[in-house]
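Summary of structural features
Single-letter residue listing:
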Amino acid sequence: MLSYLVSLEPIWGPFRLFGYLTFRGALAVCISLIIGFVLAPWVFSKLRLLKAAQSLRTTQEVGRLAELHANKKNIPTMGGILIYLSIVPTVLLCARFNVYVLVALIVYTGLMIIGLCDDYLKVSKKNSKGLNSKWKLAGQALLTFIAIGILLGNMDTHMIMSELWVPFYKYPLIKEMPIWFIFIFFFFVMSGSSNAINLTDGIDGLAIGCAIPTFLVYATIAYFVGNTIIAHYLNLNYIAGCEELAIVCAATFGAALVFLWYNSHPAEVFMGDTGSLSLGGLMGSIAFMVHEPFTLIIVGGVFVIEAISVILQIASFKLFGKRIFRMAPIHHHFELKGWHENKVVIRFWIVGLLFALAGLCTLKLR
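Read on for an overview of the structure. (Residues numbered from 1 in each chain as written. Predicted model: local features only at pLDDT ≥ 70, side-chain atom pairs only at ≥ 80, totals over all residues. Heavy atoms only, no water.)

**Brief notes about the overall build of the protein chain**
Check the secondary structure of the protein chain and you find 15 helices and zero strands. Taken over the C-alpha trace, the protein chain has a radius of gyration of 21 Å; the compact-globule value for 366 residues is 21 Å, and the two agree within 12%. Projected onto its principal axes, the C-alpha coordinates of the protein chain cover approximately 65 × 45 × 35 Å. Counting across all 366 residues of the protein chain, residues that qualify as buried make up 54%. Contacts spanning at least 24 positions in sequence make up 75% of the contacts within the protein chain whose residues lie at least 6 apart. Across the protein chain, the mean location of the 27 positive side-chain charges is 8 Å away from that of the 18 negative side-chain charges. (Helix = DSSP H or I, 4+ residues; strand = E, 2+ residues; numbered from the N terminus. Rg over C-alpha atoms; globule rule 2.2 N^0.38 Å. Buried < 20%, exposed > 50% of the residue type's maximum accessible area, 1.4 Å probe, protein only. Contact = heavy atoms within 4.5 Å. Lys, Arg positive; Asp, Glu negative; His and termini not counted. Charge placed at Lys NZ, Arg CZ, Asp CG, Glu CD.)

This is the structure in structure tokens:
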């Protein structure tokens, strides 16, 4: 919306700044920060009024971990609402609306609703199970059909979104993917990243802190692929209009900083599935649209490790009756080894930052 102010440049010269993506990106960070800090007290007071505290798992379920997390009992969940209320108005203000921004907002909104329903059931029923996994998958499948339907139904994006790109290779691996494969691929990227962040969201500040460098990297990638000169230099596939996803990432970065302010140890609020599912899905959909879905495995390395630790733990127990880790996801393993919660979080942040930088470096290795 604000980009239209560039047409007023003849009246006042500085209005031309709104034509620059970098300026609107910086503005998006500032606006989402302001909205977040202004709304935070009101949102948190409403959550406390609703007694929206998530039910924690019992000692019978998780053993000593229940004792370590006993002080989190009355902390409100569904804090992802604050992130959502900070991101969406900011994107509508700062981004030039196009098909890519539309798909990102649809996926983000849809997963936020799914996560909100999940959190509400956990709070209202006073248990940690929430929404049935089948309903979650059904909702993610529906969002996949809507997103791919929009991307493939648009004449300008149909062909380019049918290409499959991989890291370290400067040409598309598949020039035109079959439609059924595109649906399946998008579903796995979106739901995979969504569930990976959900698994990581187990201790104060961990998931949101690891998400921040990931969104910064994808803001950079979106800017690169939407710039003909940089895209040509790096042997990236130029995607006209995709640079506006950098605004979405910038708004998410600002909102994530606000949430981290309140979610850092000792947390005042949890994001819940309202935040983790939606942020993960947003991350995956952006990675798909900028043609860097496989790079997400590197950039979001911490999330991948967390998901793999759960898969390995379940597989090992079912096949051999033994556990590889003291508890999965792996951040709980280190907690039970005696690491303080803050040490686990900060060390995972460091690893996450290194993964993000490594993923960014892969752009030139083609």
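**Concerning the packing of helix α4 (residues 80–94) against helix α5 (residues 99–125)**
Two numbers describe how α4 lies on α5: the axes approach to 11 Å, and their chain directions differ by 160°. Judged by the inter-axis angle, α4 sits roughly antiparallel to α5. Judged by the sense of rotation from one axis to the other, the crossing of α4 with α5 is left-handed. Only Val101, Leu105, Tyr108, Thr109, Met112 and Leu116 of α5 make contact with α4, whose side of the interface consists of Ile81, Ile83, Tyr84, Ile87, Val88, Val91 and Leu92. (Axes fitted to C-alpha atoms, helices over the stretch in contact; angles between N-to-C directions. Parallel < 35°, antiparallel > 145°, perpendicular 65-115°, else oblique. Left-handed = near helix turned anticlockwise from the far one by under 90°.)

**Some points on the packing of aromatic side chains**
Aromatic ring pairs: the centre-centre distance and the angle between the two ring planes describe each pair. Taken as a whole and assessed by the stated rule, the structure comprises 15 aromatic pairs. Between the aromatic rings of Tyr223 and Phe224, the centroid separation amounts to 6.3 Å while the plane-to-plane angle is 55°, which identifies the pairing as tilted. Residue classification places Tyr223 among the partly exposed positions, given a relative accessible area of 29%. One aromatic cluster in this structure is built from Trp180, Phe181, Phe185, Phe186, Phe288 and Phe294. We note Arg347 situated over the ring of Trp339; from NZ or CZ to the ring centre the distance is 4.6 Å. The ring of Tyr233 carries the charged tip of Lys364 above its face, separated from the ring centre by 4.1 Å. (Phe/Tyr/Trp six-rings, centres within 6.5 Å; stacked < 30°, edge-to-face > 60°. Lys NZ or Arg CZ within 6 Å of the ring centre and 35° of its normal.)

**Some details on the pattern of salt bridges**
Here the structure, examined in full by the defined rule, presents six salt bridges. A salt bridge links Asp118 to Lys122; its shortest N-O distance comes to 3.4 Å. Separated by four residues within a single helix, Asp118 and Lys122 lie in helix α5, roughly one turn from each other. The two residues Asp118 and Lys122 agree in class, both being buried. A salt bridge links Glu163 to Lys175; its shortest N-O distance comes to 3.4 Å. Taken as a pair, Glu163 in the loop between α6 (133–153) and α7 (179–200) and Lys175 in the loop between α6 and α7 lie far apart in primary sequence, 12 residues in all. A single salt-bridge network, built from bridges that share partners, covers Asp118, Lys122, Lys136 and Asp273. (Salt bridge = Lys/Arg side-chain N within 4 Å of Asp/Glu carboxyl O.)

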